[in-house]
Amino acid sequence: MGNLTYQQVTKNLFTAVLIAAIAGILGGICGVFGLLVPIFAILALIVGLVGIGANIWFIISLGQWKGVVDANDAPGVQKLWLATLLSIIGSVLCWIPLIGGIIGGLVSIVGLVFYIMGTSALKNSTTLPANGVAGAKKLHTAIILSIIASVLAIIPFINIIGAILSIVAWVLQLVAWKKIATA
């Protein structure tokens, strides 16, 4: 880990989140156009690989963050790290035909619980910098909005509200990680 500082690690976290978000948007756009123009399908694959790389960087940076925060905050960061790992494992398991979707979904739900526990711990921290606590509070709000958005998304006629809430939660997460990075 070397002599990493809080600022370096949290800047890396925010950058990884930002790259993953941009890759997700570009990947979706390229994927749609890839149905018509093959070069866009190749670009979607490349952007997807960039997104995977950003998520790997994110989980590595979370591990580093645990090493630079106060010992009181390390368990909260550890829960975020575990939540991210479980989310990745759940996504991979979903690729397994038939049973994979169920098992992957359950693993992802367990990850969600750890994410909520991690953000709860960090938003109540007395040792994180003020912007770090404010960012953790926004992360916690964003995950709650995401859960509500997911439920609303499956209800006909009001699923548009779920889509809008999902976008709000996504932007709120970016703002939250930026606050944490500038703490």
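Thresholds applied
- Residues numbered from 1 in each chain as written.
- Predicted model: local features only at pLDDT ≥ 70, side-chain atom pairs only at ≥ 80, totals over all residues.
- Heavy atoms only, no water.
- Axes fitted to C-alpha atoms, helices over the stretch in contact; angles between N-to-C directions.
- Helix = DSSP H or I, 4+ residues; strand = E, 2+ residues; numbered from the N terminus.
- Parallel < 35°, antiparallel > 145°, perpendicular 65-115°, else oblique.
- Left-handed = near helix turned anticlockwise from the far one by under 90°.
- Nonpolar A, V, L, I, M, F, W, Y, C, P; charged D, E, K, R; others polar.
- Phe/Tyr/Trp six-rings, centres within 6.5 Å; stacked < 30°, edge-to-face > 60°.
- Buried < 20%, exposed > 50% of the residue type's maximum accessible area, 1.4 Å probe, protein only.

K.L.:
Please clarify how the packing of helix α1 (residues 6–34) against helix α2 (residues 38–68) should be interpreted in this entry.
P.N.:
Helix packing geometry: the angle between the two helix axes and the distance between the axes. In the contact formed by α1 and α2, the axes pass within 7 Å of each other and the chain directions differ by 160°. Judged by the angle between their axes, α1 and α2 are roughly antiparallel. Here α1 runs over α2; the crossing is left-handed. Taken together, the residues of the contact of α1 with α2 sort by class into 24 nonpolar, 10 polar and no charged.

K.L.:
Would you explain the environment of Ile158 in this entry?
P.N.:
Residue placement: Ile158 occurs in the loop between α5 (130–153) and α6 (159–181). A C-alpha to C-alpha distance of 25 Å links Ile158 and Ala21, two positions 137 residues apart in sequence.

K.L.:
Mind showing me how you'd approach the packing of aromatic side chains here?
P.N.:
Aromatic ring pairs are described here by two measures, namely the spacing of the ring centres and the angle between the planes. Under the definition given, this model contains four aromatic pairs. Considering the side-chain rings of Phe58 and Trp177, the 5.4 Å spacing of their centres and the 90° angle between planes classify their relative orientation as edge-to-face. Residue Phe58 is located in helix α2, and its partner Trp177 is located in helix α6; the two are separated by 119 residues in the primary sequence. Of the two residues examined, Phe58 and Trp177, each falls in the buried class. An aromatic cluster is defined as three or more aromatic residues linked by ring pairs; in this entry it consists of Tyr6, Phe58, Trp65 and Trp177.

K.L.:
Which parts of the structure should I look at to understand the environment of Val113?
P.N.:
Structurally, Val113 can be placed in helix α4 (residues 99–123). You can call Val113 partly exposed: its relative accessible area is 43%. On a C-alpha basis, the gap between Val113 and Ala83 in space is 7.6 Å, while along the polypeptide they are 30 residues apart.

K.L.:
Help me understand the packing of α5 against α6 in this model?
P.N.:
For the pair α5 and α6, the least separation of the axes is 8 Å and the interaxial angle reads 165°. Classed by the angle they form, the pair α5 and α6 counts as roughly antiparallel. Judged by the twist between their axes, the crossing of α5 over α6 is left-handed. Of the residues contributing to the contact of α5 with α6, the split by class is 18 nonpolar, nine polar and two charged.

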